[in-house]
Amino acid sequence: MPTNSRPLPVLPGAPIVGAALDLRRDYLGTVLRAAREVGPVTRISAGPPGWRASFVSVTAPGLVLEILGQPQRYTRDTAGYAEMRWAFGNGMPTSQGDVWLRQRRLLAPVFTPRRISGSYAAVMVEESQKLVAGWREHGAAGTGIDAHDAMVTLTSRIIGRVLFGADMAGAIPRMVSARHVGDTLLRRGVVPHPMPVRVPTPANRRLVAGVRTLRSVVDDVITARRSRPSGDDGCGEDMLTLLLDAQRSEDPDRRLSDTEVADQVLIFLLAGHDTTATALACLLVELARSPHWQSVLRTEIGEVLAGRPATAADVSRLPWTYRAVCEALRLYPPAHTIARVAAADEVLGGYRVPAGSTVLVTPWAVHRSPDLWPEPDTFDPGRFDLPPDRHPGGHRNAWLPFGAGPHTCVGMQLAMQEAVLAVATILSAFDLSTTVDTIKLEAALSLHPATALPVRLTPVAG
Ligand code: HEM
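Enquirer: How do you make sense of the coordination of the iron atom of the ligand when you look at a structure like this?
Expert: For the iron atom of the ligand, the sole protein-derived donor is Cys409 (SG), lying 2.3 Å away. Looking at the secondary structure, you find cysteine 409 in the loop between α16 (363–367) and α17 (412–429).

Written as structure tokens, this is what we have:
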């Protein structure tokens, strides 16, 4: 370790327990406070001595690739990932090393740009149109909708169809009933010594029951596919086909067990809908609160689509809609925190980071930094209206909702396209308004709205 490196500055907290209560009450606020009051590399300690968990929170864009760009030096061996592996298995978002590489290669064909802009786009538009038609039929125009519930339904249906050829309609209530699982896992990942899951406390029982519910959804998806000769839902050979083929593979390096198939389906089902749903829901509320931006987007959408359904080719013709999605992902980054463990002693920004430290790259705090984003709490898609040689926020990693380095989100293009097509379809049909003033958030494994998000719908004339 270089001799001129300094000890990490620490976020001041309560005597003895440090920031434990702050983290428990308000994880997002605590991380922001660490960045604003202490600096871009801060130690946050929680719990009494001898029972303490501590994290290094990093919010300097210039340090992002030092951490996320070097998976051997900063690994996924964190307590949070261990919790996720227990609940969801070792699918691509939790795996690392050779296992991860094998999975990424196996599943790459599902995420080719051709696939995404071809059959997936058609499903995205069709499902968005169904949603809008349902709102019209059931008089939601009068009563309004809850934006988060609506977007969870939409994104679950889309991901179910494009990845697994599955109709998720019947499963959505079960998935919603298990929403607490992510929140519990995050808390278990940040408290010093979580109660072992095998101890039947009420919280543990609820967690186990929630995971069992999610697994029952996956079993149904796989059973339904096995009872059909082909899962082709117009999307070609989907992810489930690839997984089931790999299960039967002659090649032992490629072969997957039943559990590996189920784990992969579960984690993609969750990673593929929950994140996009939060971003879309928050975007609808921001647009509902801002007649100006809503009108900018509706004018653009009206000019480009002229009343016809959107297609993948329209995504690049709707720059303001795209920028609005980027801005929603800045203000409400669904993956609020990306955690790693330093495999050996490291120096970050001149500070000593001992081996075994959990290092948190927090898009949430990077995206709300006043040094990078003037008036960081204001929704302003104009921040992304820049010449191609300039980065939003002034640094290539000032905007990182999809992470960075080799583990960058594999679903990025799919999610961006899905969000643009959904917003274009919704704004073509309805004018949005809301009484929501501020979106209250909670940090589960991904970011969630903490309250209902009522949005009123008024049919657009013409
Ligand atoms: C707005 C939506 C989304 C956001 C904000 C998001 C965010 C992220 C982030 C930050 C990572 C990096 C995690 C890390 O470095 O440990 C990630 C990884 C991943 N995401 Fe997403 N994601 C989104 C949508 C999706 C979708 C739609 C899918 C699948 C269809 C998906 C599948 C994955 C997978 C499999 C990984 C792991 C990649 C790897 O380790 O190689 N995500 N996502």
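Enquirer: Any chance you could explain the site of the ligand here in plain terms?
Expert: Neighbouring the ligand are 28 residues; Tyr81, Trp100, Arg104, His407 and Cys409 lie closest to it. In the model, an oxygen atom of the ligand is placed 2.9 Å from a nitrogen or oxygen of the arginine 76 side chain. Elements that contribute at least two residues to the shell around the ligand include exactly α5 (97–107), α8 (147–164), α13 (258–289), β5 (338–342) and α17. Looking at which element gives the most residues to the shell around the ligand, the answer is α13, with five residues. Across the shell around the ligand, the residue classes tally to 19 nonpolar, six polar and three charged.

Enquirer: Would you mind going over the environment of arginine 136 with me for this structure?
Expert: Structurally, the position occupied by arginine 136 is in helix α6 (residues 113–137). With sequence-adjacent residues up to four places away left out, arginine 136 is seen in contact with Ala429 and Phe430.

Enquirer: Can you walk me through the side chain of histidine 367 in this structure?
Expert: Inspection of the secondary structure assignment puts histidine 367 in helix α16. Looking at histidine 367, its side chain comes within polar contact range of the main-chain nitrogen of leucine 400, at 2.9 Å. The contact partners of histidine 367, leaving out residues within four places of it in the chain, are Leu329, Arg330, Pro333, Trp373, Pro376, Ala398, Trp399, Leu400 and Pro401.

Enquirer: Which parts of the structure should I look at to understand the packing of α8 against α13?
Expert: Running from amino to carboxyl end, α8 crosses α13 at an angle of 140°, the nearest separation of the two axes being 8 Å. When you trace α8 past α13, the crossing you get is right-handed. Every residue of α13 that contacts α8 at Ala147, His148, Met151, Val152, Thr155, Ser156, Ile159, Leu163 and Phe164 is listed here: Val265, Phe268, Leu269, Gly272, His273, Thr276, Ala277, Thr278, Leu280, Ala281, Leu284 and Val285. Of the residues assigned to the contact of α8 with α13, the class counts are 14 nonpolar, seven polar and no charged.

Conventions we followed
- Residues numbered from 1 in each chain as written.
- Predicted model: local features only at pLDDT ≥ 70, side-chain atom pairs only at ≥ 80, totals over all residues.
- Heavy atoms only, no water.
- Donors = N, O, S within 2.8 Å, 3.2 Å for Na, K, Ca; no water.
- Helix = DSSP H or I, 4+ residues; strand = E, 2+ residues; numbered from the N terminus.
- Near = heavy atom within 4 Å.
- Polar contact = N/O pair within 3.5 Å; in protein donor to acceptor, adjacent residues only side chain to side chain.
- Nonpolar A, V, L, I, M, F, W, Y, C, P; charged D, E, K, R; others polar.
- Contact = heavy atoms within 4.5 Å.
- Axes fitted to C-alpha atoms, helices over the stretch in contact; angles between N-to-C directions.
- Left-handed = near helix turned anticlockwise from the far one by under 90°.

Coordinates in, geometry out; function isn't part of it.
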